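An overview of the molecular structure
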Amino acid sequence: MALRLALDTMGGDHGPGEIIPAAIHTLKKHPELELQLVGLEDVVKSRLSSLSPDLSVRVQIIHAPEVVTMDEAPSSALRNKKKSSMRVAIEQVKKGLAHACVSSGNTGALMAISRYVLKMLPGIDRPAICTTIPGINNQTHILDLGANVDSSAEQLFQFAVMGAELAGAINNIASPKVGLLNVGTEENKGNYRVKQAAGLLSGSHLNYIGFVEGNHIYSGHADVIVCDGFVGNIALKASEGVADFFSHHVFSEFKRNYYGRLASVISMPVLKSIRRKIDPRRYNGASLLGLRGIVIKSHGGADRVSFAHALEEAILEVEKNIPARITSQLEALLIRN
């Protein structure tokens, strides 16, 4: 059975120059995959001129005359760009013509258009952005990463349900450990909403392990870490900054003198292995959870390697049927209550 992805080829900082090579790379890896490349037809065609016939039959170009810019207000993109590559790609999912949409475009616009076109799953108030980050022993899913800067206790609980279903499906975990990000692990720590959310999680069927702190994000202490978008976005961007800081200074030190360069020859295999493990490109592809369809947000500055990982995330979520799993879990919660 064919698996179809709709790609917003005009989104992000690099547009089709990086997105289409990533698409071709992924197409070669997955024989069952079909791609709908949405964007300015002439631009997309020019990037596919050397595509082999066996691959070209699995590629459809869908012309979209408008482009949502990276600095465009979400409200403007929603009202005034009804023929944008972003919107047309999302509408392919709405119509059942694609199983998922992937875009590197404006996050706010992608969220607004996705929510308007696809609507929310029953029982979910707002969508949440969720991504995977590396841990010492395993991967951790963290949400929300910026869709909701001010979330209620009930919404944090909904994020936990969605994150647990995603982590369980993607990582094959029967009962994912869920932690609530806080300023301390003690029960009396945190603001009113976080304490309220803790009460909801404690009384639920979820495998809730309590509050976790910032130093637990990469420890593998929890399979899912829940927070509001304000906290989550800062935590993620700070982590990316630390990874860049580490890489810059380690490799700079090796270049400082002869002894450093000599040591680098011996230790380079280990350093490259570490660099691979913390490379943000390997974890590109954030899920917009809570929608009646699968939408994957790629980093705006994604190169072809990074965007290919976002496509792999989309394929996984389609194969695992994530929206249906979340809906089933929410229905089970209603029955229990």
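This next bit is on the overall build of the protein chain. For the protein chain, the helix and strand inventory stands at 12 helices and 11 strands. A compact globule built from 337 residues should have a C-alpha radius of gyration of about 20 Å, and the protein chain, at 21 Å, falls within 12% of that. For the protein chain, with 337 residues in total, the buried portion stands at 52%. Sequence separation of 24 or more characterises 72% of the internal contacts of the protein chain that already satisfy a separation of 6 or more. By element, 54% of the accessible surface of the protein chain is carried by carbon and sulfur atoms, the whole surface being about 15900 Å².

Note on placement: S298 falls in the loop between β11 (294–297) and α11 (304–320). Looking at S298, the relative accessible area reads 0%, which means it is buried. Engagement of the side chain of S298 in a polar contact is seen with the side chain of S104, the distance being 3.0 Å.

Below, the discussion takes up the nonpolar core. Among the nonpolar cores identified, the biggest contains 68 residues, and I90, L143, L180, V226 and L289 are the most heavily contacted of them. Per-element accounting of this core gives the leading share, 12 residues, to helix α7 (residues 153–171). Aside from chain neighbours lying at most four places away, what touches L143 is A128, I129, C130, F159, G163, V224, I225, V226, C227 and L289. Membership of the second largest hydrophobic core comes to 29 residues, among which are L5, L51, A302 and F307.

Glancing now at a nonpolar patch on the surface. A cluster of nonpolar residues, V149, F230, V231 and I234, forms a patch on the protein surface that exposes about 380 Å² of accessible area. Note that F230 resides in helix α9 (residues 229–254).

What follows concerns the side chain of T132. Its place among the elements puts T132 in strand β5 (residues 128–134). Not counting chain neighbours up to four residues away, the residues in contact with T132 comprise Q139, T140, H141 and Y283.

Counted by the stated rule, this structure contains 4 cavities of 30 Å³ or more. The computed volume of the largest cavity comes to approximately 60 Å³. In terms of lining, the largest cavity is formed by 13 residues, of which the most central are L288, L289, G293, E317 and P323. Elements with a contribution of two residues or more to the lining of the largest cavity: β10 (286–289), β11 and α12 (322–336). For the lining of the largest cavity, a count of residues per class yields 9 nonpolar, 3 polar and 1 charged.

Rules used in this analysis
- Residues numbered from 1 in each chain as written.
- Predicted model: local features only at pLDDT ≥ 70, side-chain atom pairs only at ≥ 80, totals over all residues.
- Heavy atoms only, no water.
- Helix = DSSP H or I, 4+ residues; strand = E, 2+ residues; numbered from the N terminus.
- Rg over C-alpha atoms; globule rule 2.2 N^0.38 Å.
- Buried < 20%, exposed > 50% of the residue type's maximum accessible area, 1.4 Å probe, protein only.
- Contact = heavy atoms within 4.5 Å.
- Areas by Shrake-Rupley, 256 points an atom, 1.4 Å probe, with all protein chains shown as cover.
- Polar contact = N/O pair within 3.5 Å; in protein donor to acceptor, adjacent residues only side chain to side chain.
- Core = buried A, V, L, I, M, F, W, Y, C linked by side-chain atoms within 4.5 Å.
- Patch = residues over 30% accessible without salt bridge, like charges linked within 9 Å, V, L, I, M, F, W, Y side chains within 5 Å.
- Salt bridge = Lys/Arg side-chain N within 4 Å of Asp/Glu carboxyl O.
- 1 Å grid on protein atoms, 1.4 Å probe; cavity = no way out; pocket = protein on both sides within 12 Å on 5 of 7 lines; lining within 4 Å.
- Points joined across faces, edges and corners; volume = space filled by probe spheres on them.
- Nonpolar A, V, L, I, M, F, W, Y, C, P; charged D, E, K, R; others polar.

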